[in-house]
Amino acid sequence: MSSRRAGLSSLKLLENLALVIITVATTIAIFQEVMVMIEQREVRLADLLLLFIYLEVLAMVGIYIKSGQLPVRMPIYIAIVALARYLILDMKEMDFWQIMGVTLGVLLLAAAVLVIRYGHVRFPYESYGADEPAASPSKSTKPPGS
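Report follows, based on the coordinates. Because the structure is predicted, anything quoted here is derived from the model rather than measured.

### Looking at the overall build of the protein
Then step 1. Within the protein, the secondary structure is distributed over four helices and zero strands.
Then step 2. Taken from the N to the C terminus, the helices and strands of the protein come in the order α-α-α-α.
Then step 3. Buried positions account for 20% of the 146 residues belonging to the protein.
Then step 4. Residue pairs in contact within the protein that sit at least 24 positions apart in sequence constitute 57% of those at least 6 positions apart.
Then step 5. Taken as a whole, the protein presents about 11,300 Å² of accessible surface, with 68% of it coming from carbon and sulfur.

Take a look at the structure:
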């Protein structure tokens with residue numbers, strides 16, 4: 001077995017271990033949040049938004065396992081929900097500029113998602129194998145467009 005292949009296998013093993021740890025930790029956090037809701041006999045919007053964040057983390061892990069690629073938009077979606085949750089919970093204690101800052105953050109993250117989506121549609125990735133380097137630009141002698 002070559003050292004490159006061994007290195008790739010080791011990295012894949014570490015990736016899978018990290019994914020298991022993230023999944024277990026997120027599942028424990030969900031369970032803890034549900035237990036808090038049961039103890040308080042109350043479900044608040046903040047609790048639901050927190051559960052939604054956990055669900056997004058699990059979805060991100062699932063997508064990573066299926067495709068082998070981390071979707072850049074998923075952490076941005078999680079950040080948007082986290083900022084919305086922060087705004088909902090702490091709005092009464094925030095002054096005008098803090099509210100505007102958080103709102104601007106959400107707007108910038110939403111704009112980033114639009115730019116990324118446009119980039120993916122307009123300039124799609126070339127697919128390549130898991131253990132092959134990304135395709136390099138063609139060294140063809142033909143001029144562009146022919």
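Structure's up, so let's keep going.
### A look at the packing of aromatic side chains
Then step 1. Summed over all chains, the structure comprises one aromatic pair.
Then step 2. Where F96 meets W97, the ring centres are 5.0 Å apart and the plane angle is 80°; that geometry is what we call edge-to-face.

### Thoughts on the nonpolar core
Then step 1. Among the nonpolar cores identified, the biggest contains seven residues, and these are L49, I53, V57, M60, M74, I78 and V81.
Then step 2. For this core, the element with the highest residue contribution is helix α2 (residues 45–67), accounting for four residues.
Then step 3. Among residues more than four places away in sequence, those in contact with L49 are V81, R85 and I88.
Then step 4. Within the second largest apolar cluster, five residues are counted, among which are A29, M37, L51 and Y54.

### Considering unusual backbone geometry
Then step 1. We note that R41 has phi near 50°; this positive angle belongs to a residue other than glycine.
Then step 2. By the secondary structure assignment, R41 is in the loop between α1 (3–40) and α2.
Then step 3. Given a relative accessible area of 78%, R41 falls into the exposed group.

### Some details on the pattern of salt bridges
Then step 1. A full pass over the atoms with the stated rule returns two salt bridges.
Then step 2. We note a salt bridge from K12 to E15, for which the minimum N-O separation is 3.8 Å. Residue K12 and its partner E15 are located together in helix α1, separated by three residues, close to a single helical turn.
Then step 3. Its relative accessible area of 42% is what places K12 among the partly exposed residues.
Then step 4. R44 is the salt-bridge partner of D47, the closest N and O atoms lying 3.2 Å from each other.

### Some remarks on the packing of helix α3 (residues 73–90) against helix α4 (residues 96–122)
Helix-helix packing is described using two parameters, namely the angle between the two axes and the distance between the axes.
Then step 1. Between α3 and α4, the least distance of the axes is 10 Å, while the angle of their chain directions is 160°. With respect to α4, the axis of α3 lies roughly antiparallel. In this structure, α3 crosses over α4, and the sense of that crossing is left-handed. Between α3 and α4, the contacting residues are R73, I76, Y77, A79, I80, L83, Y86 and L87 on the first element and I99, V102, T103, G105, V106, L109, A110, A112, V113, I116 and R117 on the second.
Then step 2. Grouping the constituent residues of the contact of α3 with α4 by class yields 15 nonpolar, two polar and two charged.

### Some thoughts on the packing of α1 against α2
Then step 1. Across the interface, α1 lies against α2 with an axial gap of 10 Å and an inter-helix angle of 160°. Here α1 lies roughly antiparallel to α2, going by the angle between them. Considering only the axes of α1 and α2, their crossing is left-handed. The segment α1 lies against α2, with E15, L19, I22, T23, T26, T27, A29, I30, E33, V34 and M37 engaging D47, L50, L51, Y54, V57, L58, V61, Y64 and I65.
Then step 2. A class-by-class count of the residues in the contact of α1 with α2 yields 14 nonpolar, three polar and three charged.

Conventions adopted
- Residues numbered from 1 in each chain as written.
- Predicted model: local features only at pLDDT ≥ 70, side-chain atom pairs only at ≥ 80, totals over all residues.
- Heavy atoms only, no water.
- Helix = DSSP H or I, 4+ residues; strand = E, 2+ residues; numbered from the N terminus.
- Buried < 20%, exposed > 50% of the residue type's maximum accessible area, 1.4 Å probe, protein only.
- Contact = heavy atoms within 4.5 Å.
- Areas by Shrake-Rupley, 256 points an atom, 1.4 Å probe, with all protein chains shown as cover.
- Phe/Tyr/Trp six-rings, centres within 6.5 Å; stacked < 30°, edge-to-face > 60°.
- Core = buried A, V, L, I, M, F, W, Y, C linked by side-chain atoms within 4.5 Å.
- Salt bridge = Lys/Arg side-chain N within 4 Å of Asp/Glu carboxyl O.
- Axes fitted to C-alpha atoms, helices over the stretch in contact; angles between N-to-C directions.
- Parallel < 35°, antiparallel > 145°, perpendicular 65-115°, else oblique.
- Left-handed = near helix turned anticlockwise from the far one by under 90°.
- Nonpolar A, V, L, I, M, F, W, Y, C, P; charged D, E, K, R; others polar.

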